[in-house]
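So the chains spell out like this:
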Amino acid sequence: MDGSRPVTHNRRVSQGVPPDPETGGGPSGEARALLDAVMAISSDLDLHNMLGRIVESAATLTHARYAALGVLGPDNYLAEFLTTGVTEDERARIGDPPHGRGILGLLITDPQPIRLRDLSEHPASYGFPPNHPPMGSFLGVPVRIRGTVFGNLYLTEKIGGDEFTETDEELVVGLAGVAGLAIENARAYGLSERRRAWLEGAASLPESLQPPVDWEDRLRLIAATARRVSRSRATAIADATDGTVEMLVCEPDDEGRMTSCIATVLAGVRGHEVTEAVDVVAGEHVGTVVPLRTHLSRAGMLITVYDGADVRRRDVDDRELLRSFADYAALTLDRGQAMTEREDLAVISDRERIARDLHDVVIQRLFATGMQLQAAAMRVPDTGLRERLERSVADLDATIRDVRATIFELQSPASDSLRSELRALVREYHSTLSFVPELHLAGPLDTAVDSSLREPLLKVLREALSNLARHSHASSAEIQVAVAEGPRLVLTVEDDGVGLAEAGPRSGLENADTRATRLGGFLRVENRSSGGTRLTWSVPLVR
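Caption draft 1: Up close: the packing of aromatic side chains. Per the counting criterion, the structure on display carries three aromatic pairs. Between Trp198 and Phe325, the aromatic rings sit 5.2 Å apart at their centres with planes inclined by 50 degrees, giving tilted as the arrangement. Of this pair, Trp198 sits in helix α5 (residues 166–208) while Phe325 is found in helix α9 (residues 316–379), placing the two residues 127 residues apart along the sequence. Just as Trp198 is buried, Phe325 falls in that class too.

Here's what the structure looks like:
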């Protein structure tokens, strides 16, 4: 029939038998058989099952040994080929299904019924592939839906006769007309079910993506939902910037083969702006790439990977449903990002308000109180009381410095705060030191210290804390990081340990000294007169 190879439907039809003159030879028997076929077709709304019933009913009506239904794809070739009368072993030996050439292609190019006594004698015959069962008589009828050809019914090897009759043709034409209506209803039902599934999947996103769900979990949830509803092998979300493509998440993330397949798909769209749904072949799989049109979020494309056979059977509406889901997912991502930014803005506004109140009210009151205590101390004749007042003034000055440090920290984003990183680094060594060093931060560290100084500062402090834990045997330590006059960034670490040894490993100190020299500063390590060690690391802020 065709130069390619057929595939059987997974349902075996009962072999037809010649008509009984007493029960099936007259018009009433033919009409009853057609009615039974129509009832069998209409009893199932699942499209794939219905196509199998159509093939079986056509074989029963015409007493054909073999029957097949070829479904046309968008390229006008056979995208699906369901057969009956061939065993599973025979199907495996035959191989790939036909594509719609030879005799099968005649119905595609000219969709009119065809009856042949021996299809091998027709000039368009391609012959049969190896292991294909012999076939002689042939009947082919197109199946139309609203005037458009959906596929073709192929019947061969009439049992009890040399060829199919005109009555057989009329019966199959009538069956094809009813089948077209039944297929249209099944497709409409299937489309409504798929739409319902996509709508339910999309409706689950807003509630699941509410903050504080982090960004990667949001993307992974969208990918998992798309994979579940589309029944694809894998899904991924990728970002494309400057002609490069970066995969953000992949679902599932434990299948190396699928990850490699998605990488092949992404390579196929690299350097291209994806504005519509695009199919990219990746070996035996096909990846469909649709844009995620986000405006506030970082997400560029949704990729779904299917088996090649699944893509050939896919309805055009499935692509539109996937694209609609991607648009809704992008809108949901932007909404989640907007909510996150709104919450961040509320936090920042509160921090700025608190910082203003501290600066305008608290510091001014502390400063005024200190001035009053200083004035009072000058008039007090008692030396002991005067010293106590001066110590109180000094405590107020230290409190003012701490409040100013808090103001600087409140005015800096928490995620980018150098102060937060310094405190986290000191807390990290709590278990190693068995005590928490006292940390003092002074000056506009978050605004004055740029990224070129932040990393060296953190590395030097880490090295100082490591030395403190390994060599000092200290029970307490004081760390100060300040923006001093000059302007300079100064790190001071003091401890009450055994002091600096005359000999010993100095690689950590040498690294700190090298970093200071490169930045135009210096490192000084010395023993304190009261015991312990003082490390001073100082670099200029302006180089």
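Having seen the model, we can carry on.
Caption draft 2: Examining the sheet that holds strand β2 (residues 78–84) more closely. Strand order in the open sheet made by the five strands is β2-β1-β5-β4-β3, with antiparallel pairing throughout. In this open sheet, the two strands that pair with only one neighbour each are β2 and β3 (114–116). Adjacent strand axes in the sheet meet at a mean angle of 15 degrees when their direction is disregarded. As paired strands, β3 and strand β4 (residues 138–145) are joined by three bridges and run antiparallel to one another. Residue pairing across strands places Leu116 opposite Phe138, the latter belonging to β4.

Caption draft 3: Summary view of the side chain of Ser232. If you trace the backbone, Ser232 turns up in the loop between α6 (215–230) and β6 (234–241). Here Ser230 takes part through its side chain, which lies 3.0 Å from a polar atom of the side chain of Ser232. When near neighbours in sequence (up to four residues on either side) are disregarded, Ser232 contacts Ala226, Arg227, Thr304, Val305 and Tyr306.

Caption draft 4: Molecular detail of α5. Counted at 1.5 Å a residue, the expected span for α5 with its 43 residues is 63 Å, and the 62 Å between its end C-alpha atoms agrees. Where α5 starts, the residue carrying a side-chain oxygen 3.4 Å from the main-chain nitrogen of Thr167 turns out to be Thr165.

Caption draft 5: Layout of the sheet that holds strand β15 (residues 533–540). Spatial ordering of the open sheet is given by β11-β12-β13-β15-β14, a layout of five strands whose pairing is mixed. The sheet terminates laterally at β11 (438–442) and β14 (522–527), the two strands that pair on one side only. When the angles between neighbouring strand axes are averaged without regard to direction, this sheet yields 10 degrees. In this structure, β11 lies alongside strand β12 (residues 477–484), joined through five bridges in parallel fashion. Pairing of Leu441 across the sheet is with Val481, part of β12. Here helix α11 (residues 418–428) sits on the sheet in contact with β11 and β12, set at roughly 170 degrees to β11. Seen against the sheet, helix α14 (residues 451–472) touches β12, β13 (488–495) and β15 and runs at an angle of roughly 10 degrees to β13.

Caption draft 6: Fine view of the packing of α5 against α9. Across the interface, α5 lies against α9 with an axial gap of 10 Å and an inter-helix angle of 10 degrees. It follows that α5 is roughly parallel to α9 by the angle criterion. Residue-level contacts link Leu191, Arg194, Arg195, Trp198, Gly201, Ala202, Leu205 and Pro206 of α5 to Asp317, Asp318, Leu321, Leu322, Phe325, Tyr328, Ala329, Thr332 and Arg335 of α9.

Caption draft 7: Representation of the nonpolar core. Ranked by size, the top nonpolar core spans 34 residues in total, and within it Leu422, Leu461, Val481, Leu489, Leu491 and Trp537 carry the most contacts. Listed by contribution, the elements that provide at least two residues to this core are α11, α14, β12, β13, α15 (507–518) and β15. Apart from residues no more than four positions distant in its own chain, Trp537 is found in contact with Pro456, Leu457, Val460, Leu489, Val490, Leu491, Ala512, Arg515, Ala516, Leu519, Phe522 and Leu523. Among the nonpolar cores identified, the runner-up in size contains 29 residues, and Ile41, Leu61, Leu155 and Ala179 belong to it.

Caption draft 8: Local environment of the pattern of salt bridges. All chains considered together, the criterion is met by 21 salt bridges. A salt bridge links Glu200 to Arg196; its shortest N-O distance comes to 3.0 Å. Residue Glu200 and its partner Arg196 are both found in helix α5; the two are separated by four residues, about one turn of the helix. With a closest N to O distance of 2.8 Å, Asp327 and Arg293 form a salt bridge. Note that Asp327 is positioned in helix α9 and Arg293 in the loop between β9 (285–291) and β10 (301–307), a separation of 34 residues in sequence. With relative accessibility at 33%, the residue Asp327 sits in the partly exposed group. Relative accessible area serves as the criterion here: at 36%, Arg293 is assigned to the partly exposed category. Shared partners join several salt bridges into a network, and the residues in it are Arg117, Asp162 and Glu163.

Caption draft 9: Representation of helix α2 (residues 47–62) in the model. End to end, α2 covers 23 Å across 16 residues, agreeing with the expected 22 Å (1.5 Å per residue, within 8%). Within the span of α2, buried status applies to Met50, Leu51, Gly52, Ile54, Val55, Glu56, Ser57, Ala58, Ala59, Leu61 and Thr62. Two residues or fewer past α2, His63 is found with a positive phi of approximately 55 degrees.

So, how was this worked out
- Residues numbered from 1 in each chain as written.
- Predicted model: local features only at pLDDT ≥ 70, side-chain atom pairs only at ≥ 80, totals over all residues.
- Heavy atoms only, no water.
- Phe/Tyr/Trp six-rings, centres within 6.5 Å; stacked < 30°, edge-to-face > 60°.
- Helix = DSSP H or I, 4+ residues; strand = E, 2+ residues; numbered from the N terminus.
- Buried < 20%, exposed > 50% of the residue type's maximum accessible area, 1.4 Å probe, protein only.
- Pairing = 2+ DSSP bridges.
- Axes fitted to C-alpha atoms, helices over the stretch in contact; angles between N-to-C directions.
- Polar contact = N/O pair within 3.5 Å; in protein donor to acceptor, adjacent residues only side chain to side chain.
- Contact = heavy atoms within 4.5 Å.
- Expected span 1.5 Å × (residues − 1).
- Parallel < 35°, antiparallel > 145°, perpendicular 65-115°, else oblique.
- Core = buried A, V, L, I, M, F, W, Y, C linked by side-chain atoms within 4.5 Å.
- Salt bridge = Lys/Arg side-chain N within 4 Å of Asp/Glu carboxyl O.

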